[in-house]
Amino acid sequence: MAAMRLYAAAALGLLALTTTASARAATARIRVAIPEFQLDGSPPPALGIQLQDGFVLGWVRAGVQVLDPSDTAKKLEGHPELQRCDASPCLKAIGQVLDVGYIVRVKVDVAGNSYKSVGRLFSTEGAAPAALPIATESKSCDVCTVAEARAVMLRLADGLRAHIEDNAPPIAPVPATPLPTWPPSRSCTNRG
């Protein structure tokens, strides 16, 4: 009976390990660059940092690899022609230079304690023109605190990320590892 419990525990552990590895592999393939995080309405710099941090955190907590606006700018320093270009060839070139599959552009309008944010998601791969967003999401918060506005940015990232996950190719199944047969061999039995 103890051997059967040990066998069952080992099988469950193997299943959990394989499932976790598959989930990590699915999100590890997604790489996103945020070259533009625009704030309109003259908000204080600290607010901009909070909102941007919330947006980036929305991607990172799901396991997506993100290049935030400062990392993106550093990597594009050697390519000034790509820094402000929105044309399809430019977006595809940015994807190649940064090794990302997606580009996200964000605009946040701040008016007092009200926030309206719009995120546009572009694919840098495939035959579709990159200049057309594959998804656009908007979220707003009327008369809210900075913490509430940051939560809105998290939800904006979640909404955009859902479009990536919907369009992602299916994950190849992990081959099953053969489990030992039952009953155990004579060397495993208790000879009393």
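Before any of the text, the structure's been laid out above.
The structure presented is a predicted model; accordingly, all values stated were derived computationally and were not measured. (Residues numbered from 1 in each chain as written. Predicted model: local features only at pLDDT ≥ 70, side-chain atom pairs only at ≥ 80, totals over all residues. Heavy atoms only, no water.)

Undergrad: Give a detailed account of helix H4 (residues 88–98), specifying residues and quantitative values.
TA: Buried within H4 we find Ser88, Cys90, Leu91, Ile94, Gly95 and Leu98. The buried residues of H4 all sit within an arc of 170° when viewed along its axis, so they share a single face. Exposed positions of H4 whose direction lies more than 90 degrees from the buried face are Pro89 and Gln96. Turning to H4, the residues buried within the fold contact strand E1 (31–40), strand E2 (65–67), helix H3 (69–75), strand E3 (102–111) and strand E4 (114–123). (Buried < 20%, exposed > 50% of the residue type's maximum accessible area, 1.4 Å probe, protein only. Helix = DSSP H or I, 4+ residues; strand = E, 2+ residues; numbered from the N terminus. Arc of directions from axis to C-beta. Contact = heavy atoms within 4.5 Å.)

Undergrad: Could you give an account of the environment of Cys85, naming the residues involved and the relevant values?
TA: Tracing the chain through its elements places Cys85 in the loop between H3 and H4. The residues contacting Cys85, other than those within four sequence positions of it, are Cys90, Leu91, Ile94 and Arg105.

Undergrad: How would you explain the state of the cysteines if you had to name every residue and give the values?
TA: Overall, the coordinates contain 2 disulfides when judged by the stated rule. One disulfide bridge connects Cys85 with Cys90, the sulfur atoms lying 2.0 Å from each other. Residues Cys85 and Cys90 are joined through a disulfide that is right-handed, its torsion about the S-S bond being 70°. What makes Cys90 buried here is its relative accessible area of 14%. Two residues, Cys141 and Cys144, share a disulfide whose sulfurs are 2.2 Å apart. Using a relative accessible area of 10% as the deciding quantity, one classes Cys141 as buried. Each bonded cysteine in the chain gets a number by its place in the sequence, and the pairs come out as 1-2, 3-4. (Disulfide = S-S within 2.5 Å.)

Undergrad: Would you mind going over the sheet that holds E1 in detail, with residue names and values included?
TA: Strand order in the open sheet formed by 5 strands is E2-E1-E3-E4-E5, and the pairing between neighbours is mixed. Every other strand in the sheet has two partners, leaving E2 and strand E5 (135–141) as the edge strands with one partner each. Pairs of neighbouring strands in the sheet enclose a mean axial angle of 20°, with direction left out of account. For E4 and E5, the ladder comprises 7 bridges, and the chain directions are antiparallel. When the bridges of E5 are listed, Tyr115 appears paired with Cys141. Contacts from helix H2 (residues 45–60) reach E1, E2, E3 and E4, with the element oriented near 155° to E1. (Pairing = 2+ DSSP bridges. Axes fitted to C-alpha atoms, helices over the stretch in contact; angles between N-to-C directions.)

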